[in-house]
Amino acid sequence: MTRPFLFGTNFKMNQTPTESARFLAELAPSLRTASETQCFMIPPFTSLPAAVAERARFDSDHARPLWIGAQNMHQAPSGAFTGEISAAMLAALNVDLVLLGHAERRTLFGETDHAIRDKTKAALAAGLRVLLCVGETADEKRDGVGPETVARQLKIAFLELDSKSAPMLQVAYEPVWSIGSNGIPATPEDIEPIAAHMRRILVDRLGAGGTSIPILYGGSVSPENAATFSAIPEIGGLFVGRAAWTVAGFNAVLTAASGGES
Ligand code: PGA
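My aim in this report is to walk through the structure given alongside it, one point at a time. (Residues numbered from 1 in each chain as written. Predicted model: local features only at pLDDT ≥ 70, side-chain atom pairs only at ≥ 80, totals over all residues. Heavy atoms only, no water.)

1. Remarks on the environment of Gly183
- As for its placement among the helices and strands, Gly183 is situated in the loop between strand S6 (169-173) and helix H8 (188-206).
- Since its relative accessible area comes to 17%, Gly183 is described here as buried.
- Distance in space between the C-alpha atoms of Gly183 and Leu124 is 31 Å, their sequence separation being 59 residues.
- Residues within four places of Gly183 in sequence aside, it is in contact with Trp177, Ser178 and Ser220. (Helix = DSSP H or I, 4+ residues; strand = E, 2+ residues; numbered from the N terminus. Buried < 20%, exposed > 50% of the residue type's maximum accessible area, 1.4 Å probe, protein only. Contact = heavy atoms within 4.5 Å.)

And the structure:
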C-alpha cells in the first residue's frame, strides 16, 4: 500500500483559537490543489474546537481533508491528573491525530519512552492516528549512538503493537540538534542511514504493515531545503515548525517539497 506524502506543521505554544481558524480559512484554497498530499495541522489544545469547526466548512471540497492533530495527551483514560487531556477527550472533538514524543516533550517535560508507549496504545484504542517523533541529541550524535537512541525510542513505543495498527501510524525522524532557531538542518547523509534503520525496525516490529508507515523528516525544514528532504526515497513526508507558521510560509514549503518553485 502506498500512502500519500504527508505534510504538516506543529504550532507549538502559538496561535489563539481565532488565529488558528483564520490560518485554516486562508490555507483552504491551496489544500484543494495539493490533492496528492495529506496535509495536517497541529495547533494548541485550546484551538482544536475552532480548527475542527473551520475545517468542516471546506473539507468536502478537498480530495484529502486536512488532518487536525493535538500536540500531546495523557496515557490514562481518566483520573486525578490535573492539567492533562485524555485520548477520549481528543476523539470527542473529532481530532484525527495526536503527536507523541516530540523532542520538546521528551527534553523539557521529561517524557519517557515507556510513557510514550502507553500513550501510543491509548491513542490507538481511542481511534486516533499517531505521529510519533524520534531523534537523537547532539551529544548522542557526537558519540556515535544516534541509531541506538532512535532504535530504543521506536522499539519501546511500538512494543506491543501489531500489523493491524500500521495504517494509523506515522513516524517523524526529528534529530534534537536540528529543531528550532538554534537547529542545524540534517543532511541526506544524516537522514538516509537512520531512515533505513527505522524502516528495518518497523518491519521487524510490525511485519508487512511496517513497510507502509510513512517516515517523515522534521527539523529546520524551509523552502530552501524541503525539496532535498522530500527527494530522499525513504522519506514520506515533512514535519515543519517555524517555517510553516504563516499561510505563505506553509504554502512555500509545501510547493518546494512537491518539486515546484517556492
Ligand atoms: P522547526 O521545528 O521546523 O522550527 O525546527 C520542527 C519541530 O519541532 O518539529
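The discussion continues.
2. Some remarks on the pairing of S6
- When you tally the buried positions in S6, you get five out of five residues, the bulk of the element.
- Residue alternation in S6 divides its side chains into two sets, Leu169, Val171 and Tyr173 and Gln170 and Ala172, and both sets are buried.
- Pairing geometry for strand S5 (residues 129-134) and S6, over five bridges, is parallel. Paired with Leu131 across the two strands is Gln170, which belongs to S6. (Pairing = 2+ DSSP bridges.)

3. So, the packing of helix H1 (residues 17-33) against helix H2 (residues 48-56)
- Direction vectors running N to C along H1 and H2 enclose 25°, while the axes themselves pass 8 Å from each other. On the basis of their axis angle, the class for H1 and H2 is roughly parallel. The way H1 lies across H2 gives a crossing that is right-handed. Touching Pro17, Ala21, Leu24 and Ala25 of H1 are Ala50, Ala51, Glu54 and Arg55, all from H2.
- Considered class by class, the residues forming the contact of H1 with H2 number six nonpolar, no polar and two charged. (Axes fitted to C-alpha atoms, helices over the stretch in contact; angles between N-to-C directions. Parallel < 35°, antiparallel > 145°, perpendicular 65-115°, else oblique. Left-handed = near helix turned anticlockwise from the far one by under 90°. Nonpolar A, V, L, I, M, F, W, Y, C, P; charged D, E, K, R; others polar.)

4. Focus on the site of the ligand
- In the neighbourhood of the ligand, the contacting residues comprise Lys12, His102, Glu174, Ser178, Ile179, Gly180, Gly219, Ser220, Gly241 and Arg242.
- A distance of 2.9 Å is found between an oxygen atom of the ligand and a backbone nitrogen or oxygen belonging to Ser220.
- Taking Gly241, its main chain carries an N or O atom lying 2.9 Å from an oxygen atom of the ligand.
- For the ligand, the protein covers 99% of the area, taking 280 Å² as the surface of the free molecule.
- Each residue belonging to the shell around the ligand can be placed in one class, and the counts come to one nonpolar, six polar and three charged. (Near = heavy atom within 4 Å. Polar contact = N/O pair within 3.5 Å; in protein donor to acceptor, adjacent residues only side chain to side chain. Areas by Shrake-Rupley, 256 points an atom, 1.4 Å probe, with all protein chains shown as cover.)

5. Let's talk about empty space enclosed by the protein
- Taken as a whole, this structure holds two cavities of 30 Å³ or more when the rule is applied.
- One number sums up the size of the largest cavity: a volume of about 40 Å³.
- Of all elements in the fold, only helix H4 (103-108) and S5 reach the threshold of two or more residues within the lining of the largest cavity.
- Split into classes, the residues belonging to the lining of the largest cavity amount to four nonpolar, three polar and two charged.
- Counted as a void, the second largest cavity has a volume near 30 Å³.
- In terms of lining, the second largest cavity is formed by Leu31, Ala34, Thr37, Cys39, Arg64 and Leu66.
- Taken together, the residues of the lining of the second largest cavity break down into four nonpolar, one polar and one charged. (1 Å grid on protein atoms, 1.4 Å probe; cavity = no way out; pocket = protein on both sides within 12 Å on 5 of 7 lines; lining within 4 Å. Points joined across faces, edges and corners; volume = space filled by probe spheres on them.)

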